[in-house]
Amino acid sequence: MRKVIGIGETVLDIIFKNGQPIGAVPGGSVFNGVISLGRSGVPASFISETGNDRVGRNIVEFLKENGVNADNINVFPESKSPISLAFLDEHNDAEYLFYKDHPRDQLDFVYPDIEPDDIVMYGSFYSVNPVIRPQVMGFLEHARNKGAILYYDVNFRAAHRNDVMKVTSNLLENLGMADFVRGSKEDFEVLFRKDDADKVYNAEVSFYCQRFIYTRGDQPVALRTKGLKKDYPIMSTETVSTIGAGDNFNAGFVYGLMKYGITREVLEQGLSEEQWDNIMHCAQLFSSNCCQSISNSISKEFGQQMKEELGR
């Protein structure tokens, strides 16, 4: 049975509205997507690190409760787990403050078992961080050599604007390893000072990866590939929080790859427009569901529905 392996940061998101905390949920970009996949019956595991504290223990427990293998979580005895404060504005979009107390980033894990057509999800600053780059790149190369499909969410925030120059080579390597690249309008404004899907694809991405998804908030999602250029209108939804919108778009996309049997062989033959439509529909369903609560992932009820569709 195919499985998903995510690699990324863990964090506790404390969410504020009108200056007051309204919730606290385990999070992290790839983490949020992997939780949703676990809830949907997709075999999933997660590679990360956390502190040896109450927050860290809660995060590991949360993974297990949602059906995600947590064997590859590094627990550092002398570290506190990272915290993020997310302040929701009148549109329920979030502005973040991050607090991290790891005395040193270090990633030490045994590679999980990877079979051909398994899917690896990676992204954010975590995937380009120079301190853990050798371990991250080593794992991506290992996964690629084993025949896995690699999904890269750029997710490069304005808080790291001053780091762009020192991580550009890592970013380009990530693009080159990926079978699919997704990024938001904000990501590419920070990285390349470009705010147009075609310009980003033609000038910055297509040389490295020819399957590109460009999201832009409540505007249509742009798909750009070698043979297809298409925009997908956003689903209308009652938005409570957009914190996990992109992360769950990723989860739904990966779920779609599983549901519709998109293997490496199918990729090499080229996806039809109908296959793209099906996958993008799954991506939007997951993103829309996540936005209806302050959770960072899809609801358990929606997950159960998706599980049944997979026949799990």
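In what follows, the accompanying structure is described. If you're wondering where the values come from, they're calculated on a predicted model, not measured in any experiment.

### A short note on the packing of helix H1 (residues 29–39) against helix H7 (residues 245–259)
Viewed as axis vectors pointing N to C, H1 and H7 meet at an angle of 45°, and their least axial separation amounts to 8 Å. Classified by the angle between their axes, H1 and H7 sit oblique to one another. The two elements H1 and H7 cross, and the hand of that crossing is right-handed. Contacts between H1 and H7 involve Ser29, Asn32, Gly33, Ser36 and Leu37 on the former and, on the latter, Asp247, Asn248, Ala251, Val254 and Tyr255. Residues that form the contact of H1 with H7 fall into these classes: four nonpolar, five polar and one charged.

### Considerations on the pattern of salt bridges
Per the stated rule, a full pass over the model turns up 17 salt bridges. Glu173 is the partner of Arg133 in a salt bridge, and the nearest nitrogen-oxygen pair spans 2.9 Å. Of this pair, Arg133 sits in helix H3 (residues 133–145) while Glu173 sits in helix H4 (residues 164–177), and the two are 40 residues apart along the sequence. Salt-bridge contacts for Glu273 lead to Lys230; the nearest nitrogen and oxygen are separated by 2.7 Å.

### Notes on the sheet that holds strand E4 (residues 44–51)
Ordered by their spatial adjacency, nine strands build an open sheet running E5-E4-E1-E8-E9-E10-E11-E12-E13, and the pairing between neighbours is mixed. Both outer strands of the open sheet, strand E5 (68–76) and strand E13 (229–232), are each paired with one neighbouring strand and no more. The mean inter-strand angle of the sheet, taken between neighbouring strand axes irrespective of direction, is 20°. Of the pairings in the sheet, the one linking strand E9 (residues 149–153) to strand E10 (residues 180–184) comprises three bridges and is parallel in character. In the sheet register, Tyr152 faces E10, and the bridge partner there is Val181. This element, helix H5 (residues 185–192), spans E10 and strand E11 (211–216) of the sheet and lies at about 90° to E10.

The rules behind each value
Residues numbered from 1 in each chain as written. Predicted model: local features only at pLDDT ≥ 70, side-chain atom pairs only at ≥ 80, totals over all residues. Heavy atoms only, no water. Axes fitted to C-alpha atoms, helices over the stretch in contact; angles between N-to-C directions. Helix = DSSP H or I, 4+ residues; strand = E, 2+ residues; numbered from the N terminus. Parallel < 35°, antiparallel > 145°, perpendicular 65-115°, else oblique. Left-handed = near helix turned anticlockwise from the far one by under 90°. Contact = heavy atoms within 4.5 Å. Nonpolar A, V, L, I, M, F, W, Y, C, P; charged D, E, K, R; others polar. Salt bridge = Lys/Arg side-chain N within 4 Å of Asp/Glu carboxyl O. Pairing = 2+ DSSP bridges.

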